[in-house]
Amino acid sequence: MRTARPVLTATLGLVLAAGVASVPASAAAPPVPAAARAVLPANDGWAAATTGTTGGSAADDAHVFVVRNRAELAAALAGGTDPTPRIVLIKGTIRANEDDAGNPLTCADYADPEYSLDAYLAAYDPAVWGRATRPTGPLEDARVRSQRNQAARVQLKVGANTTIHGLPNARLIGANLLIQNVDNVIVRDVRFEDAADCFPAWDPTDGSAGNWNSNYDLVTLTGATHVWADHNTFSDGDNIDANQPLYFGRPYQVHDGALDIIRASDYVTVSWNVFQEHDKTMLIGSTNTVGADVGKLRVTLHHNRFANVGQRVPRVRFGQVDVYNNLYYQTDEDTYAYSWGVGVYSAIHAENNFLLRSADLALEDFVYDWGGTAITEIGTLTRVGTGPVRAVSLVGAYNATHDPDLGTDAGWTPVLRAGPVTPTAQVPALVTRGAGAGRR
């Protein structure tokens, strides 16, 4: 087997790249945009609750950084351990899969010497391994070590009191931005692309036919509080899951979530983003077990555009989740599973959302019952292609074709909204014009 090139650990100091250091914005052009010091407006969703969300708006000049590559970004974030308010301005395209000298890294560079995909496929073929238990043994251990090598490079931890703001056309490719056990973070105007896992795990016990599962989201909130994700664009870039091979008859899925909110995260607002061409889009709550998630996972989703995404838009457990004024654009039936996932103890309030769809997408497929009991739905409109706009009840369509029925009252009414709810008929034009990185 090929011996992997060693992966270097990123330093936390200021790292020179191409002769340019990560420096305070006060000493470098461009100046700090006003939007980079913005705070979440009052009442703008759950992230406005209690203390509100201000991110790094109070950063002094010494803690404002313009970053142009992965090493500079890691240095500016300081490993996510320093709560000093900071603003990190992303300039241009940053690729997480590169070493500290800026050289690109491939999957072979992360691979443990004892791992190869061919050997893994031979060892855990269901015809050999069976379907009753997950893989164990030396090859699975080598896969885990390989995955850890990649994680050390692509997972970038964000600290408390941080604003990450993209300058025009900023892209972060291949990274998993990890907001873990910290409070008060803002992420705006960044194009997040292709957090591909080089070493997906095979689980023959996942579903009736087994599944491949990957390890990295584009952005992960785990135990995070007061987070505002606004005007970002999330996608798989040129590496879409539909183009991945089949192994054991199942897609070799190299992507996990686009923006996942898990493990007792709380007080989150997700506004004016675009999510496109991705499968597992947004998981809110990662376990059915009653525990730390109870009373948490309060999330607001408004004025987002979800375009040809496969599932979890969102899938919710436990949380009170306000889903209003979002545009769902769904024309690719080959990759579609469902949108609103009603999970255990979930309380989704869905209001004035618009679904633009192809004729092949049945209304009853929009909702999926993952063990929940009720969902509130108000003011949904739908349109097939260029046909007429009509009012529908997506929950009603689900109940007409499934048993048992879902209740139609989730048991709460949102009050944290920055302004009047947009009439549903205006949502497509408004969201199409204003959602996504760099748009207002």
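What counts, and where the lines are drawn
Residues numbered from 1 in each chain as written. Predicted model: local features only at pLDDT ≥ 70, side-chain atom pairs only at ≥ 80, totals over all residues. Heavy atoms only, no water. Helix = DSSP H or I, 4+ residues; strand = E, 2+ residues; numbered from the N terminus. Rg over C-alpha atoms; globule rule 2.2 N^0.38 Å. Buried < 20%, exposed > 50% of the residue type's maximum accessible area, 1.4 Å probe, protein only. Contact = heavy atoms within 4.5 Å. Areas by Shrake-Rupley, 256 points an atom, 1.4 Å probe, with all protein chains shown as cover. Lys, Arg positive; Asp, Glu negative; His and termini not counted. Charge placed at Lys NZ, Arg CZ, Asp CG, Glu CD. Disulfide = S-S within 2.5 Å. Polar contact = N/O pair within 3.5 Å; in protein donor to acceptor, adjacent residues only side chain to side chain. Arc of directions from axis to C-beta.

J.: Residue-level account of the overall build of the protein chain, with values.
T.: Counting secondary structure elements, the protein chain contains seven helices and 33 strands. By the compact-globule yardstick of 22 Å for 440 residues, the protein chain fits well, its C-alpha radius of gyration being 22 Å. Overall, the C-alpha framework of the protein chain stretches about 60 × 60 × 45 Å when taken along its three principal axes. In the protein chain, buried positions account for 57% of the 440 residues. Taking all contacts inside the protein chain whose residues are at least 6 apart in sequence as the whole, residues at least 24 apart take part in 75%. As displayed, the protein chain has an accessible area near 17300 Å², and 53% of this comes from carbon and sulfur atoms. One finds the centroid of the 34 positive side-chain charges in the protein chain at a distance of 5 Å from the centroid of its 46 negative side-chain charges.

J.: Please provide a residue-by-residue account of the state of the cysteines, values included.
T.: Cysteine pairs can be linked by a disulfide, which is a covalent bond between their two sulfur atoms. All chains considered together, the criterion is met by one disulfide. Residue pairing for Cys-107: its cysteine sulfur links by disulfide to Cys-198, the two sulfurs lying 2.1 Å apart. Looking along the S-S bond of the Cys-107-Cys-198 disulfide, the torsion reads about -75°, which is the left-handed sense. Taken together, the residues span a long stretch of sequence, with Cys-107 in helix H2 (residues 107-110) and Cys-198 in the loop between strand E10 (191-193) and strand E11 (201-203) at a distance of 91 residues. With relative accessibility at 36%, the residue Cys-107 sits in the partly exposed group.

J.: Pulling in residues and values, what's your account of the side chain of Ser-339?
T.: Residue position: Ser-339 is located in the loop between strand E26 (327-330) and strand E27 (340-343). Within the structure, the side chain of Ser-339 is placed 2.8 Å from the side chain of Tyr-336, a separation counted as a polar contact.

J.: Can you break down helix H7 (residues 427-434) residue by residue, with the values?
T.: Inspection of H7 places Val-427, Val-431 and Gly-434 among the buried residues, and these make up the whole buried set. Mapping the buried residues of H7 onto a view down its axis gives an arc of 85°, with all of them on the same face. Check the buried side of H7 and you find it contacts strand E23 (305-307), E26 and strand E29 (354-357). Phi turns positive one or two residues past the end of H7, at Gly-436, with a value near 110°.

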